[in-house]
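# Survey of secondary and tertiary structure
Chain by chain, the residues:
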Amino acid sequence: MSRLTGMAGEDVAVEELERRGYKILHRNWRCRLGELDIIALDGATLVFVEVKARRSSDYGFPAEFVDHRKRIRLERLARAFLTGAAGDLRDRPCRFDVVSVVIDGGRVSAVDVIVDAF
């Protein structure tokens, strides 16, 4: 996946999440452990969103690439975020969503939001 596909996928994911009522708090939040693609609020719930974008689904749907190792990494990153977060965010329920985006020939051909993915 090219960096442009990834950036376009994140833009599409943000649009879809906002359309669903999520409030985007951070994009590409970074710390020494890595990066969280999107941190948002869905009502009272703090949501850590992993975005997977591909140019086709020939080798599987993008969300399938969030494997066990990636999940563990995302959980560590979320804990790091919460450690430094203000109390009002730390005290909220949390979940992990995954957004799959397929960009085929420069057009978005599929967007899937998997709520509470793991």
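One structure accompanies this document, and this report is about it. Note on numbering: residues in each chain are counted from 1, in written sequence order. Only residues with pLDDT of at least 70 get local features here, since the model is predicted, and only at 80 or more are side-chain atom pairs given and counted; chain-wide, interface and lining totals rely on the full set of residues. The side-chain values count all of the structure's non-hydrogen atoms but skip hydrogen atoms and water molecules.

## Considering the environment of valine 115
Strands here are runs of E lasting at least two residues and helices are runs of H or I lasting at least four, both read from the DSSP assignment and numbered beginning at the N terminus. Within the secondary structure, valine 115 is located in the segment after strand S5 (107-114). Separated by 20 residues in the primary sequence, valine 115 and arginine 95 place their C-alpha atoms 8.2 Å from one another. In what follows, a contact means two residues having at least one pair of non-hydrogen atoms within 4.5 Å. The residues touching valine 115, leaving out its near neighbours within four places in the chain, are Tyr22, Arg95, Phe96 and Asp97.

## Notes on the pairing of strand S2 (residues 34-42)
Relative accessibility thresholds used throughout: buried, under 20% of the residue-type maximum; exposed, over 50%; partly exposed, between the two (1.4 Å probe, protein chains only). Burial analysis of S2 places seven of its nine residues in the buried class, which makes it a mostly covered element. In terms of strand pairing, strand S1 (residues 23-31) meets S2 through seven bridges, oriented antiparallel. Looking at the pairing, cysteine 31 lines up with glycine 34 of S2. For two strands to count as paired, DSSP must find a minimum of two bridges between them. Counting the residues in the hairpin turn of S1 and S2 gives two residues. Of the strand pairs in this sheet, S2 and strand S3 (residues 45-54) are connected by five bridges, and their pairing is antiparallel. Paired with aspartate 42 across the two strands is threonine 45, which belongs to S3. Counting the residues in the hairpin turn of S2 and S3 gives two residues, including glycine 43, whose phi is positive at 65 degrees.

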